[in-house]
Structure formats: C-alpha cells, structure tokens
Amino acid sequence: MGTPYAYFQKQFVPLSEAKIGIMTHGFNYGTGVFEGVRGNWNEEQGQMFLFRMRDHFERFTRSCRILKIDLPYTIDQYCEMTTKLVEMCGFEEDIYIRPLGYKSSEAVGVRLHNLDDDFLLFVTPFGNYLDVDAGIRCCTSTWRRIDDNSIPARAKVTGLYVNSALAKTEAMENGFDEAIMLNQDGHVSEGSGENIFIIWKNQLLTPPASDNILVGITRESIITMARDELGVQTVERSIDRSELYIADECFMTGTAAHVSPVVEVDHRNVGDGGIGPITAKLQKLYFDAIKGRNPKYANWCTPAYSKLVKA
C-alpha cells in the first residue's frame, strides 16, 4: 500500500516525475549532502513515527554549510514538508526518508562556487538493512575510512560514500555481511554506514569523533539509553582492531541498521558467538522507542498521520 511522492523543484510531485538532468553538477561530481530519516510503522496504533527528524535536519543544515549549499528553508519547514510528504504517501510499513541538498546547475567544472543549489525529498519502503535478529558477520576492510581533511567526516556528502561502497562490496564478495573500516592511524572508525560499539567488562566503548566517524543520531540515542536505562556509561576513545577480537559484545548502530549485533569479526566469534545480554537489552529499548511505545522517549518520535490508519 501507499503511493510514492517526492518534493522536487519546490513542489510535491509523483516520484516517477522527479528527474534531474544528466549534466547536473551534483550527479557528475558528488556535490550534494543528504540525510536518512526513519519512519517506523506502529501496527497497533496505526501510526507512522518519524524518529528524531529535527535532529536529522539540524545535521543536514550543518552538512550544507560545509559544502556551501545555501537553501531557503528553516528546520521547521523541513520538518513540515517531510511530515506532509510521508502522509501523502500513506505507507503502512517501515520507510526511509531521503532529504538531499545538491548543486543543481547543469555545468561542467569542479568547484562549489557560482552554482545553483536545490533540495529534494523522497520516501521509500525500507525494512531491516542488516540482520538485527541473528546478528552479522564483519571483516576489517582493506579500504581505510577517508580522513576529515580529505572529505569532511562531519558532513553526509554524497560523493564520500564511494569510500563506503568499496568497503561494503569487498566485505560481501568475501562472504561477510558488513565491513569495519579503520582510519588512517589504524584505529577502528566505523562500518560502511554505521557507528560501532564494543562492550568490555560491562563498559560501552565507541570511537570518538576525532577518529573520522560520522557522529550518528542513533549512536547518541544508544549512549543516552545505556546510561539512563541500564546505568552503563559510554567511553569515547580510540579502539584498536584487536580489541574487536576480545570484546564481550559488539554491535553497530545507524538509521538504516538500527541496532545490529555483531557476532563475528574476521572469522573470530565475538564473545560466545551470539547476541550478548547488554546488546539485547539496548536493542529492545531502541525498538520500543522508535515505534512510539516508550512514553519516556516520545519527544524523539513525530507522528506523521493526522488520522490514524487503524482508528
């Protein structure tokens, strides 16, 4: 069910009509920034909850600033048009919302200046990106996470994700589910599209922003719930590759990946090779939160449907 629409060139149109020209600068040079916002379908309530939408658009505006993309919208306007678009589409399943700001001029030449900027937004049905139930098998990628002084890690730049695509495909072609990327210093950075945590002696460890990670919104949510619900503090510090092998538990987080347990790294079991107890608790807390089932985190969830589908 549902009808796909997009916001494109300042109007709402059927998704099939939202097309860019082949000379578009953002397409040719990767001069765009984006976000991924989850819409989580709550069957019992007949409602679609948009998770931490405002936080995503705040990060989106920071990405635009880094890439010199000047758009005329406020955070409130981004949120309003997103909620309207989701309701227009009317999906009754989990969705993924993609806002994208890009250099829209049809011009040849590598630069950021003297180009037009535009914004688009679309919605697509989207289930689990990784296996959140059985856990995933990871390998350390031969591709290093790109350095912030090469392409800013603080921005979700479209062209940067070639780095992630190389790592992801390498992992899958070698029989793994996901890649773990090291930074230029050899420290653990992140997955191809996820932040990473390990648990060692009941302490949560995760790489700091200075290790070239994208500081994730799901990452921040997990740090908050681990502290407030489980009394587990998170230490942000550099993590060596070998620490992945001796960790008690390991998991990845992201808008697409949710909370995905890692059960194997480089052909070595993590812990006993199953989903660890702290990971399992955090996973349940997270899924309850994003589907609007925990009143404590209701401020993270924006209901998209003005009329409940199953009232």
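Everything that follows concerns the structure shown earlier in this document.
Everything in this summary refers to the structure shown in the same document.

### Focus on helix α4 (residues 161–173)
Across its 13 residues, α4 extends 18 Å between first and last C-alpha, which sits within 8% of the 18 Å expected from 1.5 Å per residue. The complete set of buried residues in α4 reads Asn-163, Ser-164, Ala-167, Lys-168, Glu-170 and Ala-171. All buried residues of α4 lie within an arc of 165° about the axis, which places them on one face of the element. More than 90 degrees from the buried face of α4, the exposed residues found are Val-162, Met-172 and Glu-173. Buried residues in α4 make contact with β8 (136–140) and β9 (178–182). Of the residues one or two after α4, Gly-175 is the one with positive phi, at around 90°.

### A few points about the packing of helix α5 (residues 217–230) against helix α7 (residues 277–290)
How two helices pack is summed up by the angle between their axes together with the distance between the axes. The geometry of α5 relative to α7 is characterised by a closest axis approach of 10 Å and an angle of 110° between their N-to-C directions. By the angle between their directions, the pair α5 and α7 is classed as roughly perpendicular. At the point where α5 passes α7, the crossing takes the right-handed sense. Contact with α5, carried on its side by Thr-218, Ile-222, Met-225, Ala-226, Glu-229 and Leu-230, involves Ile-278, Lys-281, Leu-282, Leu-285, Tyr-286 and Ala-289 of α7 and no other residues of that element.

What counts and what doesn't
- Residues numbered from 1 in each chain as written.
- Predicted model: local features only at pLDDT ≥ 70, side-chain atom pairs only at ≥ 80, totals over all residues.
- Heavy atoms only, no water.
- Helix = DSSP H or I, 4+ residues; strand = E, 2+ residues; numbered from the N terminus.
- Expected span 1.5 Å × (residues − 1).
- Buried < 20%, exposed > 50% of the residue type's maximum accessible area, 1.4 Å probe, protein only.
- Arc of directions from axis to C-beta.
- Contact = heavy atoms within 4.5 Å.
- Axes fitted to C-alpha atoms, helices over the stretch in contact; angles between N-to-C directions.
- Parallel < 35°, antiparallel > 145°, perpendicular 65-115°, else oblique.
- Left-handed = near helix turned anticlockwise from the far one by under 90°.

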